[in-house]
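The residues making up each chain are set out below.
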Amino acid sequence: MKLKAVLFTFLCLFAFSAFANGPFDANPMAPQTFPAEVQVYPNPSNGVFFIEVQETDLMQVEFKVVNLIGKTVKQETIDANQRLRIDLHDQPKGVYFVHLKAGNDTYMKRIVIQ
């Protein structure tokens, strides 16, 4: 049974990396390099979670939340050094990816909505 879960997770990550479009394309298996400390919490979430970007040198950070099939469900530009409340109550439960982009640097975090 665990093998099925592992294969399903791998397939989902592969599908996400193959079908995601736009300037935030990132390989989920690639190492993260981002010029700021990022916190995404709580994880897992009930549909509401927070993103904090803590860095004084960054002015703005683009973020988007993407579902497993690569569809963007939320997108916005935020100022660094702020806490952003994300509400995904209108989305189905499951796995989502939070993408952040500042200049050429990207950050990706998987979040589970229960």
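Before going into details, it helps to say that this report is about the structure given with it.

Conventions and cut-offs
- Residues numbered from 1 in each chain as written.
- Predicted model: local features only at pLDDT ≥ 70, side-chain atom pairs only at ≥ 80, totals over all residues.
- Heavy atoms only, no water.
- Helix = DSSP H or I, 4+ residues; strand = E, 2+ residues; numbered from the N terminus.
- Buried < 20%, exposed > 50% of the residue type's maximum accessible area, 1.4 Å probe, protein only.
- Lys, Arg positive; Asp, Glu negative; His and termini not counted.
- Salt bridge = Lys/Arg side-chain N within 4 Å of Asp/Glu carboxyl O.
- Polar contact = N/O pair within 3.5 Å; in protein donor to acceptor, adjacent residues only side chain to side chain.
- Contact = heavy atoms within 4.5 Å.
- Pairing = 2+ DSSP bridges.
- Axes fitted to C-alpha atoms, helices over the stretch in contact; angles between N-to-C directions.

A word on the side chain of Glu52
Topologically, Glu52 is positioned in strand E2 (residues 48-54). Nearest to the buried, unbridged Glu52 among oppositely charged side chains is Arg83, at 4.7 Å. A polar side-chain atom of Glu52 sits 2.4 Å from a polar atom in the side chain of Tyr41. Setting aside anything within four residues of it in sequence, one finds Glu52 in contact with Glu37, Val38, Gln39, Tyr41, Gln82 and Arg83.

Here's the deal with the sheet that holds strand E5 (residues 82-87)
Strands belonging to one sheet form pairs held by backbone hydrogen bonds; the direction of such a pair is parallel or antiparallel. The strand order E1-E2-E5 describes an open sheet built from three strands, whose pairing is antiparallel. Pairing within the sheet leaves two strands with one partner each, and these edge strands are strand E1 (37-41) and E5. Taken over all neighbouring pairs, the strand axes of this sheet differ in orientation by 15° on average, direction set aside. One ladder, built from five bridges, connects E1 with E2; its direction is antiparallel. Bridge pairing links Tyr41 to Phe50 in E2.

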